[in-house]
Amino acid sequence: KQEVTQIPAALSVPEGENLVLNCSFTDSAIYNLQWFRQDPGKGLTSLLLIQSSQREQTSGRLNASLDKSSGRSTLYIAASQPGDSATYLCAVTSGYSTLTFGKGTMLLVSP
Amino acid sequence: EPEVTQTPSHQVTQMGQEVILRCVPISNHLYFYWYRQILGQKVEFLVSFYNNEISEKSEIFDDQFSVERPDGSNFTLKIRSTKLEDSAMYFCASSPTASGSYNEQFFGPGTRLTVL
């Protein structure tokens, strides 16, 4: 059974810092990996999708990498801003269509 | 930009009552999903739906749950007899393709279900 773990559970940084969020998964037979953002009490916003054949994806200040063989992904956020404060979720598709989620990293960026 | 919508945003019900949660997926998407998130816990997969039938379901999705696409736009989740432990945020999602690798899922804002 696929398990997804995210470290750290919470992170607090001053504005402007670059930061890395980590995600690991137990079964490397995945179709893809998605990073989401969740604001308190709200839905999930898709940030990046990395297909299993890809090594990384970039969108603006976000860069996600995937090392499928070792079961790891990182989300790099450059020049963090207070508006980046949210919970970041990692999820993998290992069944045909099923997403398995991690518990998330709660990020607080202080001005 | 097209988005998944869900109604209601918050539903309060008494234990044992039936509830129907409604979703309008993105219009050209083919795959539809329901997930739930109990407060403080992970988002969990419930069911996926393609071509008017269930394609996958989790062990959570027992006989108390059912899904339906009653018309060309709506996708519903019915819970027949709610239990206290059904209290959670329920998310609908849709994706444009039926292929695993390209299967980017887009989520709605959720319905918070409170069972008293």
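Note that the structure is a prediction, hence the values are computed from the model and not measured.

Scanning chain B for helices and strands turns up 0 helices and 11 strands. By the compact-globule yardstick of 13 Å for 116 residues, chain B fits well, its C-alpha radius of gyration being 13 Å. Seen through its C-alpha atoms, chain B measures out along the principal axes to roughly 40 × 30 × 30 Å. Out of the 116 residues in chain B, the part that is buried amounts to 46%. Expressed as a percentage of contacts within chain B between residues at least 6 apart in sequence, the contacts between residues at least 24 apart total 55%. When the accessible surface of chain B is totalled, it reaches about 5,700 Å², and 47% of it is carbon and sulfur. Measuring between centres, the 9 positive side-chain charges of chain B sit 4 Å from its 14 negative side-chain charges.

This paragraph deals with the interface of chain B and chain A. Each partner contributes to the interface: chain B provides 25 residues, whereas chain A provides 24 residues. For the pair chain B and chain A, the two sides together bury roughly 2,000 Å², of which 48% comes from carbon and sulfur. On inspection of chain B and its partner chain A, the count reaches 0 salt bridges. When its residues are assigned to classes, the side of chain B that touches chain A shows 11 nonpolar, 11 polar and 3 charged.

Residue and element names in this part refer to chain A. Taken as a whole and assessed by the stated rule, the structure comprises 2 disulfides over all chains. The disulfide bridge from C23 ends at C90, spanning 2.0 Å between sulfur atoms. Between C23 and C90 the disulfide shows an S-S torsion of about -60°. By sign, it is left-handed. Within this pair, whereas C23 is found in strand β3 (residues 19-25), its partner C90 is found in strand β9 (residues 86-93), the two being separated by 67 residues in sequence. For the pair formed by C23 and C90, the shared burial category is buried.

Criteria and cut-off values
Residues numbered from 1 in each chain as written. Chains lettered and ligands numbered in written order. Predicted model: local features only at pLDDT ≥ 70, side-chain atom pairs only at ≥ 80, totals over all residues. Heavy atoms only, no water. Helix = DSSP H or I, 4+ residues; strand = E, 2+ residues; numbered from the N terminus. Rg over C-alpha atoms; globule rule 2.2 N^0.38 Å. Buried < 20%, exposed > 50% of the residue type's maximum accessible area, 1.4 Å probe, protein only. Contact = heavy atoms within 4.5 Å. Areas by Shrake-Rupley, 256 points an atom, 1.4 Å probe, with all protein chains shown as cover. Lys, Arg positive; Asp, Glu negative; His and termini not counted. Charge placed at Lys NZ, Arg CZ, Asp CG, Glu CD. Buried area = accessible area lost by both parts, 1.4 Å probe. Salt bridge = Lys/Arg side-chain N within 4 Å of Asp/Glu carboxyl O. Nonpolar A, V, L, I, M, F, W, Y, C, P; charged D, E, K, R; others polar. Disulfide = S-S within 2.5 Å.

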